[in-house]
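Listed below are the residues making up each chain.
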Amino acid sequence: RVQHVFDVAGAEVCGALKNVVALGAGFVDGLGLGGNTKAALIRVGLREMIRFCRLFFKGIKDDTFTQSCGMADLITTCYGGRNRKCAEAFARGQGSGESCQEQWTDIEAKLLNGQKMQGTLSAKEAYAALCSVDKLHDFPLIRTIHEIAFDGKPVKSIVDGISVERSGRSKL
C-alpha cells in the first residue's frame, strides 16, 4: 500500500543518508562480519539519520522513519544497493596503494556500468554539515564511515562507529 509522506525534508534526508549507512554496510560485508554486525550498523545508522534530521530541520515527523522512505529504503539499500556493493569492494581492496579517491573512482567504473554512487558525496556533505555546527562527535557512525572512505582509516574500524554509542542515554 502506498502512503503519502508530507515530511519532505525528512524523506529527502533519509534518501541521502541511507547511502552513507550503506557504505558502512558494505564495509561490514567486505570484512565478513556477518548479519548481526550489519543489523547493529543499520540500527545505529537509523538513529543517526533521525538525529541528523532533527538537528538541521524543524517539523520532522517520527512516522517518516518507519515509512518506505526511511527504514524500508535503508534496509533495502544496505542489503542490495550499489553503494553497499562498491563499499564491499573498497573494503576488500583497501591497502592497494591507491588513494581513497582513486579506489572509489576505479570501483565505480568497474562495478556500476555508468551509474554513479551517491554515498560518497553524501558522506562528504553530511560530515561537512556536522562539522559546521560542531556536532560531529554526536555522530560516530557517520564520522567513522567518512574517515574510512576518505582519510584512509582501516576498514576494520567500522565496528568503532557501531559500538561507541553511549549506553543508557538516548540522544533521539
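Just so it is clear, the structure is predicted and the values come from calculations on it, not from any experiment. (Residues numbered from 1 in each chain as written. Predicted model: local features only at pLDDT ≥ 70, side-chain atom pairs only at ≥ 80, totals over all residues. Heavy atoms only, no water.)

A. Main features of the packing of helix H4 (residues 82-93) against helix H5 (residues 100-111). Orientation of H4 relative to H5, taken along the N-to-C sense of each, is 130°, at an axis distance of 10 Å. Judged by the angle between their axes, H4 and H5 are oblique. For the element pair H4 and H5, the recorded crossing hand is right-handed. Touching Lys-85, Cys-86, Ala-87, Ala-89, Phe-90 and Gly-93 of H4 are Cys-100, Gln-103, Trp-104, Ile-107 and Leu-111, all from H5. Class assignment for the residues of the contact of H4 with H5 results in eight nonpolar, two polar and one charged. (Axes fitted to C-alpha atoms, helices over the stretch in contact; angles between N-to-C directions. Helix = DSSP H or I, 4+ residues; strand = E, 2+ residues; numbered from the N terminus. Parallel < 35°, antiparallel > 145°, perpendicular 65-115°, else oblique. Left-handed = near helix turned anticlockwise from the far one by under 90°. Contact = heavy atoms within 4.5 Å. Nonpolar A, V, L, I, M, F, W, Y, C, P; charged D, E, K, R; others polar.)

B. Molecular detail of the packing of aromatic side chains. Taken as a whole and assessed by the stated rule, the structure comprises five aromatic pairs. Judged by centre distance (5.8 Å) and plane angle (45°), the rings of Phe-27 and Phe-90 are tilted. With a gap of 63 residues between them, Phe-27 in helix H1 (residues 8-31) and Phe-90 in helix H4 connect regions that are remote in the sequence. Consider the rings of Phe-52 and Phe-139, whose centres lie 6.3 Å apart with planes at 80°: the pair is edge-to-face. (Phe/Tyr/Trp six-rings, centres within 6.5 Å; stacked < 30°, edge-to-face > 60°.)

C. The arrangement of helix H3 (residues 68-80) in detail. Taking 1.5 Å per residue as the helical rise, H3 with its 13 residues ought to reach 18 Å, whereas the 15 Å between its terminal C-alpha atoms falls clearly short. The sharpest bend along H3 measures roughly 25° and falls at Leu-74. Among the residues making up H3, those that are buried are Cys-69, Gly-70, Leu-74, Thr-77 and Cys-78. Elements that come into contact with the buried residues of H3 comprise H1, helix H2 (35-56) and H4. (Expected span 1.5 Å × (residues − 1). Bend = angle between axes of the 7 residues up to and from the residue. Buried < 20%, exposed > 50% of the residue type's maximum accessible area, 1.4 Å probe, protein only.)

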